[in-house]
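Letter by letter, the chains look like this.
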Amino acid sequence: MAAACSRTLCKVGWSILESPPVRRPGIVSSYLLGNVSTLGSRRAFGTGGTGYHSKLLSSLQTGRAGGGGRVLGCAVLVGAGLGLYHTVKFRLQQHLAEEETKVSGGGLKLILYQYKTCPFCSKVRAFLDYHGLPYEIVEVNPVMRKEIKWSDYRKVPILMVDGEVQLNDSTVIISSLMTHLINKERSMTEILQCYPAMKSVNDRGKEVTEYNNKYWVMLTEAESLELYPDKGLQKEEIKWRKWADEWLVHLISPNVYRTTREAMASFDYIVREGKFSTMEGFFAKYVGAAAMYIIAKRLKSRHNLQDDVREDLYKAVNDWVAAIGKKKKFMGGDQPNLADLAVFGVLRVMEGLEAFDDMMKNSKVKPWYRRMERASLNHEGRT
């Protein structure tokens, strides 16, 4: 539409320039001259200075009889040219944005059902953000969970892909998406078959669902050599991804609910960031905080934590930093790998709480954490 208007204006401009001079007193030339005369007392800021300004005034006065039409024609042509330029610029930007979406997201429409303060949901967001994958968030009410009433799987995170394929379990979600990013010719339905669900009963008599192969990115031999060029890199990545799920995540609750004061502050944050009604928020903040304070003590005993659970947190993150070593920025080398993203996602849920501030101050994790923050914020994995 804009391009068509620009072309029309070009034709009008040329027709004006090519038409014979006609005196149009009081219409074009006097209007332009009046404007220039009004501006004559002002300072000239053009590159030609005052000399240029006086020449312009002189040329307009000389061409008052027939030059006004030519001036108008030039003005129309300039306007048409600007219009065409902005149209082309807009179309180019639109095209580049579409291409970027195709490259980064593989054309997938992603909807993440989550609790914002859940470490497993935070892991998935860390992966999506780092890789620049566009996604929509649906915050789930932790009490009623009506947002996922359509699902037989009643936990979060859940990731819906293109409105058809449902991915459950944070580790399966990340491994599946990574597999797809490396080989976009494989559909998500096909990839999901590599992670079959297995139901079992745990040592407390509760039925649980586990997923086979969930820590593996499904690659061909050539793809594996490209992603993990050094021997042992994939094995190391899997080891620390498991560590994040099976050890690090269990240090969060005992630390953020360590005292009654910290438990209250934690639930104040959970209610503020989560999706609660007024009544649910009130009970969650006061009753939930008291309950989680007690549960945190049980978790401390179950996982054989020290009297001061902060020491276990400090040791865990220091072990992680030591495993990365002094010569690497990340566990993945110059760029984060899936283990980096998992550990970052788990630790990030403590931001704004006393436990997080203590960890940053009393351990060696801060430089690595800040690098991960920047990598996630800038979508450095997009390429």
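By the naming in an unreviewed UniProt entry, the chain is Prostaglandin E synthase 2, taken from Pogonophryne albipinna. Under Subcellular location (unreviewed entry), UniProt gives the following word-for-word description of the chain: "Endomembrane system". Among the UniProt annotations of the chain, the heading Sequence similarities (unreviewed entry) holds the following wording: "Belongs to the GST superfamily."

## Focus on the pattern of salt bridges
Pairing between side chains of opposite charge can happen when their charged atoms approach one another. Under the definition given, this model contains 16 salt bridges. Salt-bridge contacts for K214 lead to E210; the nearest nitrogen and oxygen are separated by 3.3 Å. Judged by its relative accessible area of 11%, K214 falls in the buried class. Its relative accessible area of 40% is what places E210 among the partly exposed residues. For D308, the salt bridge is made with R258, and the minimal N-O distance between the two is 3.3 Å. Of this pair, D308 sits in the loop between α12 (278–302) and α13 (309–324) while R258 sits in the loop between α10 (252–256) and α11 (260–273), and the two are 50 residues apart along the sequence. The partly exposed category is assigned to D308, whose relative accessible area is 33%. With a relative accessible area of 23%, R258 lands in the partly exposed category.

## Some words on the packing of aromatic side chains
One pass over the full model with this rule turns up 9 aromatic pairs. Pairing W240 with W243 gives two aromatic rings, centres 4.9 Å apart and planes at 75°, and the pair type is edge-to-face. Of the two residues, W240 and W243 both sit in helix α9 (residues 233–246), 3 residues apart, roughly one turn of that helix. Neither W240 nor W243 differs from the other in exposure class; each is buried. Grouping aromatic residues by their ring pairs yields a cluster made of W240, W243, W320, F344, F356, W368 and Y369.

## Let's talk about the nonpolar core
Residues F127, W320, L347, M350, M359 and W368 are the most contacted members of the largest nonpolar core, which totals 85 residues. Other than its neighbours up to four places away in sequence, W320 contacts W240, W243, M331, A339, D340, V343 and W368.

## A short note on the sheet that holds strand β1 (residues 110–114)
Ordered by their spatial adjacency, 4 strands build an open sheet running β2-β1-β3-β4, and the pairing between neighbours is mixed. Single-partner strands in this sheet number two, and they are β2 (135–139) and β4 (165–168). Here the strands of the sheet are splayed against their neighbours by 20° on average, with no regard to which way each runs. Relative to β2, β1 is paired through 5 bridges, and the arrangement is parallel. Looking at β2, one finds that I111 is bridged to E136.

## Brief notes about the environment of D307
With respect to the element layout, D307 can be found in the loop between α12 and α13. A residue is classified by how much of its surface remains accessible, and D307, at 73% relative accessible area, is exposed.

## Some words on helix α16 (residues 366–377)
Between the first and last C-alpha of α16 there are 16 Å, a value that for 12 residues agrees with the 16 Å anticipated at 1.5 Å per step. For α16, the elements touching its buried residues are α5 (119–130), α13, α14 (338–348) and α15 (354–362). Where α16 terminates, the next one or two residues include H379, which has phi positive at roughly 55°.

Rules used throughout
Residues numbered from 1 in each chain as written. Predicted model: local features only at pLDDT ≥ 70, side-chain atom pairs only at ≥ 80, totals over all residues. Heavy atoms only, no water. UniProt positions renumbered as here; feature names shortened; annotations may be inferred. Salt bridge = Lys/Arg side-chain N within 4 Å of Asp/Glu carboxyl O. Buried < 20%, exposed > 50% of the residue type's maximum accessible area, 1.4 Å probe, protein only. Helix = DSSP H or I, 4+ residues; strand = E, 2+ residues; numbered from the N terminus. Phe/Tyr/Trp six-rings, centres within 6.5 Å; stacked < 30°, edge-to-face > 60°. Core = buried A, V, L, I, M, F, W, Y, C linked by side-chain atoms within 4.5 Å. Contact = heavy atoms within 4.5 Å. Pairing = 2+ DSSP bridges. Axes fitted to C-alpha atoms, helices over the stretch in contact; angles between N-to-C directions. Expected span 1.5 Å × (residues − 1).

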